[in-house]
Amino acid sequence: MSDDVAALILALAVENAELRGQLAEAQDLLIETAVDAGDLHARMEELQAELIEARTERDAWRAEAERAYRTG
C-alpha cells in the first residue's frame, strides 16, 4: 500500500469518526428536544383543561348574576 493510499484511508477514518461524533451529538439533541416537546405538550393539555374549567366557572357566575339581576 502506498503512502498516499494509507494517508487517504487515515483521513477517511478520521473524518468518519468526526462525523459519527457529530451524529451522536445530533441524536442526543434530538432526544432532548423530543422530551421537551412532550413536556410542553403535556403542559399545554393541562392549561387547556384549566381554561375550560375557568370558562365553565365564568359562565356559571355570569348566569347567576343575570338571574339575580332579573329577580333583583
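The sections below set out a description of the structure shown in this document. (Residues numbered from 1 in each chain as written. Predicted model: local features only at pLDDT ≥ 70, side-chain atom pairs only at ≥ 80, totals over all residues. Heavy atoms only, no water.)

### Looking at the overall build of the protein
Test applied: Put simply, DSSP marks the helices as runs of H or I at least four residues long and the strands as runs of E at least two long, and each gets a number from the N terminus on. Values of the radius of gyration come from C-alpha atoms, whereas the globule rule sets the reference at 2.2 Å times the count of residues to the power 0.38. Each residue is placed in one exposure class: buried if its accessible area under a 1.4 Å probe, protein chains only, is under 20% of its type's maximum, exposed if it is over 50%, and partly exposed if it falls in between. Only the protein chains shown count as cover for residues, with accessible areas throughout obtained via the Shrake-Rupley method and a probe of 1.4 Å.
Within the protein, the regular secondary structure consists of one helix and zero strands. On C-alpha atoms alone, the protein measures out to a radius of gyration of 31 Å, which is more than a quarter above the 11 Å that the 2.2 N^0.38 rule sets for 72 residues. Principal-axis analysis of the C-alpha atoms gives the protein an extent of 100 × 10 × 10 Å. Burial analysis of the protein (72 residues in total) assigns 0% to the buried set. Total accessible area computed for the protein in this model is approximately 6700 Å², and 61% of it derives from carbon and sulfur atoms.

### A short note on a negative patch on the surface
Formally: Residues qualify for a patch when their relative accessible area is over 30% and they have no salt bridge, like charges being joined within 9 Å and the nonpolar side chains of Val, Leu, Ile, Met, Phe, Trp and Tyr within 5 Å. Every case where a carboxyl oxygen of Asp or Glu lies within 4 Å of a side-chain nitrogen of Lys or Arg is listed as a salt bridge. Charged residues are defined narrowly, with Lys and Arg counted positive, Asp and Glu counted negative, and His plus the chain ends left uncounted. Every charge is mapped onto a representative atom, which is NZ of Lys, CZ of Arg, CG of Asp or CD of Glu.
A cluster of acidic residues, Glu 25, Asp 28, Glu 32, Asp 36 and Asp 39, forms a negative patch on the protein surface. Mapped onto the secondary structure, Asp 36 falls in helix H1 (residues 3-71). Overall, Asp 36 belongs to the partly exposed group, its relative accessible area being 45%.

These values are about where atoms sit, not about what they do.
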